[in-house]
Amino acid sequence: MSRICGQQVVRWSLRLSPSLALKSAARAEQNARQFAFACRMLCSHAHESQTSRASAQQHGSELTLRILLDLGFTETQAEQVYEGVTRSLGKRSTTHDTSTITALLALGLNSSSIVKVFDKCPALYTEKGAVVQQRMQNLCKLGLVEGSIQRVISYRPQILTLPAKKVNAAVQYIRTKCLFTAQQMRDILRDSPEVMEEDLKHLELKFQYAYFRMGVKQAEMVKAKLFKVSMEELRCRHCFLERRGFYQTPDKKGQTLIVNPKLKDFLFTPEDVFLSQFAMATKEELDMFRKLIAREDEEKGKMLEYGDIEEDKEEDEGEEDLTDFRRGNMGHMGYERNKRKR
């Protein structure tokens, strides 16, 4: 049914201009996929729940090895999950843990993936299946389609222990403070789901550093998966390149006298590659620089503690820049690299 609806929307779209038709067709296809995926989740969850209840009625109200085998786990996997449940809940009833497992099965995860999910996040043993299902559906509403949501939960199952209100509030905060588009926010949630558990103020500071200090715009931040790296490593690599003359903050027109390396190229590359291809330096030089920058941070902290006047002035200027940014007056800062002829 969802496919038929999507095809009908495409037919209507073709009567519009070519550009609008393509956009409408893309939206229709995405909506159809999301709708079909949600329907499969609900139907599969209902089927698995019935199977679980039938098995529970046959073998007892508590979670047993027999029930896990009926759900498709191997003997080794069933024993591993059962031991995890009893270790987390002791002798208490574990009926609701069956529903948690069936919710994960309904999502499309196989038994091996579910065992790994529980290994990464034992706290899921204590979550009720209905709550887990609601949180999955909320992730779908935030734009995680089939394939993406399975990858996110397999990589970071802790996201299923977070209340939906907390996740929604974090998404809204990041979008509002950093002006990411809806699609960019979906990409961040898909590639860096751990940001939902982090201090949002720290994330905002990392964004401000990349935007104002480095001249990097939102699209490049998302492409480089900026939020996966620590603030300390971001600042260290950037400042090291800058002081060696290989990175320059763009002016207000987005221009530089040199061609800066892309954030995605030097941020996550192995240290030896970073040193040989981007910094043209030795490991000893980088280690010495890390100590130097740590000492600078310590001295700066002491200055802030005693209320340094110059630092207060810099903070005031930073607030003005941030105000301009949120008003949209600094959209010209960013990527453009001016390759000047020598």
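These remarks concern the structure in this document. (Residues numbered from 1 in each chain as written. Predicted model: local features only at pLDDT ≥ 70, side-chain atom pairs only at ≥ 80, totals over all residues. Heavy atoms only, no water.)

A few words now on the overall build of the protein. Secondary structure assignment for the protein yields 17 helices and zero strands. Counting only contacts in the protein whose residues sit at least 6 apart along the sequence, the fraction spanning at least 24 positions is 72%. With the model as given, the accessible surface of the protein reaches about 19500 Å², and the carbon-plus-sulfur share is 53%. (Helix = DSSP H or I, 4+ residues; strand = E, 2+ residues; numbered from the N terminus. Contact = heavy atoms within 4.5 Å. Areas by Shrake-Rupley, 256 points an atom, 1.4 Å probe, with all protein chains shown as cover.)

Here we take up the side chain of R237. Position of R237 among the secondary structure elements: in helix α13 (residues 231-243). In this structure the side chain of R237 is engaged in a polar contact, spanning 2.8 Å, whose partner is the side chain of E233. (Polar contact = N/O pair within 3.5 Å; in protein donor to acceptor, adjacent residues only side chain to side chain.)

Enumeration over the complete set of coordinates arrives at eight aromatic pairs. Through pairs of rings, three or more aromatic residues link up here, namely F180, F207, Y211, F212 and F227. (Phe/Tyr/Trp six-rings, centres within 6.5 Å; stacked < 30°, edge-to-face > 60°.)

Let us now look at unusual backbone geometry. Even without a glycine there, the phi angle at L179 is positive, about 55°. Among the structural elements, L179 can be located in the loop between α9 (164-178) and α10 (182-191). Taking relative accessible area as the criterion, L179 reaches 38% and is therefore assigned partly exposed. Unlike most non-glycine residues, K225 shows phi in positive territory, near 55°. Mapping K225 onto the fold places it in the loop between α12 (218-224) and α13. (Buried < 20%, exposed > 50% of the residue type's maximum accessible area, 1.4 Å probe, protein only.)

Here we come to the pattern of salt bridges. All chains considered together, the criterion is met by 15 salt bridges. For D265, the salt bridge is made with K264, and the minimal N-O distance between the two is 3.1 Å. Look at D265 and you get partly exposed, because its relative accessible area is 33%. Each of the salt bridges in this network shares a partner with another, and the network as a whole consists of R151, D187, R190 and D191. (Salt bridge = Lys/Arg side-chain N within 4 Å of Asp/Glu carboxyl O.)

Over its 15 residues, α9 extends 21 Å from the first C-alpha to the last, a length consistent with the 21 Å expected when each residue adds 1.5 Å. Along α9, the residues classified as buried are V167, A170, V171, Y173, I174 and C178. Down the axis of α9, the buried side of the element spans an arc of 160°, and every buried residue falls inside it. Residues of α9 that are exposed and angled more than 90 degrees away from the buried face: K165 and Q172. Two residues or fewer past α9, L179 is found with a positive phi of approximately 55°. (Expected span 1.5 Å × (residues − 1). Arc of directions from axis to C-beta.)

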